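This is what each chain is made of:
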Amino acid sequence: MDARLVQHVTGPTLPRMRQHNMHRHRYSSRIVAVMTRPTENIERLTTSKTEYNDNWFDRIAINHLSQSVQETIGFKSSKKGYEGLVEATTAARQHFSPDEQLELVTQALDKAFPKPILSLIRTVLPPSKLQREFFAVFTTIFFSWLVGPCEVRESKFNGKEEKNVVHIKKCRFLAESNCVNMCTNLCKMPSQAFIKDSFGVPFNMVPNFDDMSCEMIFGQEPPALTEDPAFAQPCYKLCNAKQKHSRSCTS
């Protein structure tokens, strides 16, 4: 899909994509577990700023993903590092519908991670306890630059304990964007689709918007959009939309 839309940050408003060629991702309505619930005091703003000391690997990974997102949506950020990534995803939120956001970020992830490597991993690690626990450990080691400090935790899978959960103490992307909509439409939904499509393992992200933590659960089907607590959360206090968050939130 060719989404070359604008050359510079200060360029004109990005036009809408054509939707009739877009692949729609569908999600199962079965809920295995939901680890957080909608809260009443979500409108308070988290003001504490976390400082990250990115090493050389972190910086390479951040720039690689940022460039993949920018190339996919046709946007050129004037910022570097993580700020450039957040600016690019902000542009996607402002100028594309939720379905388009899902499609574009999924494409960016496909661009960032070569398909031969993904296919090899899927072949070597078919759905199993080993696969789920491997992905949990792998995420904590190699993706803390994206989500912030995290650790592996246990949960029950088919009645047995497994270390298939990644607990993010404070999500870097949510804290930097300070936007509920960007968390759900530009992180949660694309990540769930990408992991399921690439590796054949169900994947559910359960953000906690009070403390900005998150649970990433490998092997768990995400709930239907109408039943997902993440989409029942209101926007943060300083969100420009100043409205109850929903799947259709694009402003």
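Just so it is clear, the model here is predicted, and its values are computed rather than measured. (Residues numbered from 1 in each chain as written. Predicted model: local features only at pLDDT ≥ 70, side-chain atom pairs only at ≥ 80, totals over all residues. Heavy atoms only, no water.)

Student: Describe in detail the overall build of the protein chain, supporting the description with residues and values.
Tutor: The helix and strand tally for the protein chain stands at eight helices and four strands. In the protein chain, the succession of α and β elements from N to C terminus is α-α-α-α-α-α-β-β-α-α-β-β. Across the 251 residues in the protein chain, those meeting the buried criterion constitute 51%. Put simply, 66% of the contacts in the protein chain that link residues at least 6 apart link residues at least 24 apart. When the accessible area of the protein chain is evaluated, it comes to approximately 13100 Å², of which 53% is carbon and sulfur surface. (Helix = DSSP H or I, 4+ residues; strand = E, 2+ residues; numbered from the N terminus. Buried < 20%, exposed > 50% of the residue type's maximum accessible area, 1.4 Å probe, protein only. Contact = heavy atoms within 4.5 Å. Areas by Shrake-Rupley, 256 points an atom, 1.4 Å probe, with all protein chains shown as cover.)

Student: Provide a residue-level description of a nonpolar patch on the surface, including the pertinent values.
Tutor: Residues Trp56, Phe57, Ile60, Phe134, Val137, Phe138, Ile141, Phe142 and Val152 make up a contiguous nonpolar surface patch of about 820 Å² in total accessible area. Breaking the nonpolar patch down by element, the ones donating at least two residues are α1 (56-73) and α5 (129-142). In terms of residues, the nonpolar patch owes the most to one element, α5, which gives five residues. Here Phe134 shows up in helix α5. The partly exposed category is assigned to Phe134, whose relative accessible area is 35%. (Patch = residues over 30% accessible without salt bridge, like charges linked within 9 Å, V, L, I, M, F, W, Y side chains within 5 Å. Salt bridge = Lys/Arg side-chain N within 4 Å of Asp/Glu carboxyl O.)

Student: Got a sec to walk through the packing of aromatic side chains? Specific residues and values, please.
Tutor: Any aromatic ring pair is given by two values, namely how distant the centres are and how the planes are angled relative to each other. With the rule as written, the count across this model stands at twelve aromatic pairs. Ring centres 5.8 Å apart and planes at 35° place the aromatic pair Phe135 and Phe218 in the tilted group. Here Phe218 lies in strand β4 (residues 213-218) and Phe135 lies in helix α5, a separation of 83 residues in the sequence. Residue class for Phe135 comes out buried when judged on its relative accessible area of 6%. One cation-aromatic arrangement involves Arg132 over Phe157; the distance from NZ or CZ to the ring centre is 3.7 Å. Sitting above the plane of the Tyr82 ring, Arg172 keeps its charged end 4.1 Å from the centroid. (Phe/Tyr/Trp six-rings, centres within 6.5 Å; stacked < 30°, edge-to-face > 60°. Lys NZ or Arg CZ within 6 Å of the ring centre and 35° of its normal.)

Student: Before we move on, can you summarise the nonpolar core with the specific residues and values?
Tutor: Side chains of nonpolar character tend, in soluble globular proteins, to be buried together. In terms of nonpolar packing, the biggest core is built from 52 residues, with Ile73 and Ile168 touching the most fellow members. Looking at this core, the element that brings in the most residues is helix α8 (residues 180-199), giving ten residues. (Core = buried A, V, L, I, M, F, W, Y, C linked by side-chain atoms within 4.5 Å.)

Student: Account for the pattern of salt bridges, naming residues and giving values.
Tutor: As enumerated under the stated definition, the model contains eight salt bridges in all. The salt bridge partner of Asp54 is Arg172, with a shortest N-O separation of 2.9 Å. Linking Asp54 in the segment before α1 with Arg172 in helix α7 (residues 172-177), this pair joins segments that are 118 residues apart in sequence. What emerges from the salt-bridge pattern is a single network uniting Glu151, Arg153 and Glu215.

Student: How would you explain α1 if you had to name every residue and give the values?
Tutor: Compared with an ideal rise of 1.5 Å per residue, which puts 18 residues at 26 Å, α1 spans 26 Å between its outermost C-alpha atoms and is within 8% of the ideal. The complete set of buried residues in α1 reads Asp58, Ala61, Ile62, Leu65, Ser66, Ser68, Val69, Gln70, Thr72 and Ile73. Looking at the buried side of α1, the elements it contacts are α2 (81-95), α3 (98-112), α6 (144-147) and α7. Measuring from the backbone nitrogen of Phe57 back to the side-chain oxygen at the start of α1 gives 3.0 Å, which picks out Asn55 as the cap. (Expected span 1.5 Å × (residues − 1). Polar contact = N/O pair within 3.5 Å; in protein donor to acceptor, adjacent residues only side chain to side chain.)

Student: Any details on α5? Residues and values, ideally.
Tutor: Here α5 is 14 residues long and its end C-alpha atoms lie 20 Å apart, about the 20 Å a rise of 1.5 Å per residue gives. Of the residues making up α5, those classed as buried are Gln131, Arg132, Phe135, Ala136, Thr139 and Thr140. Along the axis of α5, the buried positions cluster into a sector of 165°, meaning they face one direction only. Among the exposed residues of α5, those oriented more than 90 degrees off its buried face are Leu130 and Ile141. Elements that come into contact with the buried residues of α5 comprise α4 (115-124), α6, β1 (150-157), β2 (160-168), α8 and β4. (Arc of directions from axis to C-beta.)

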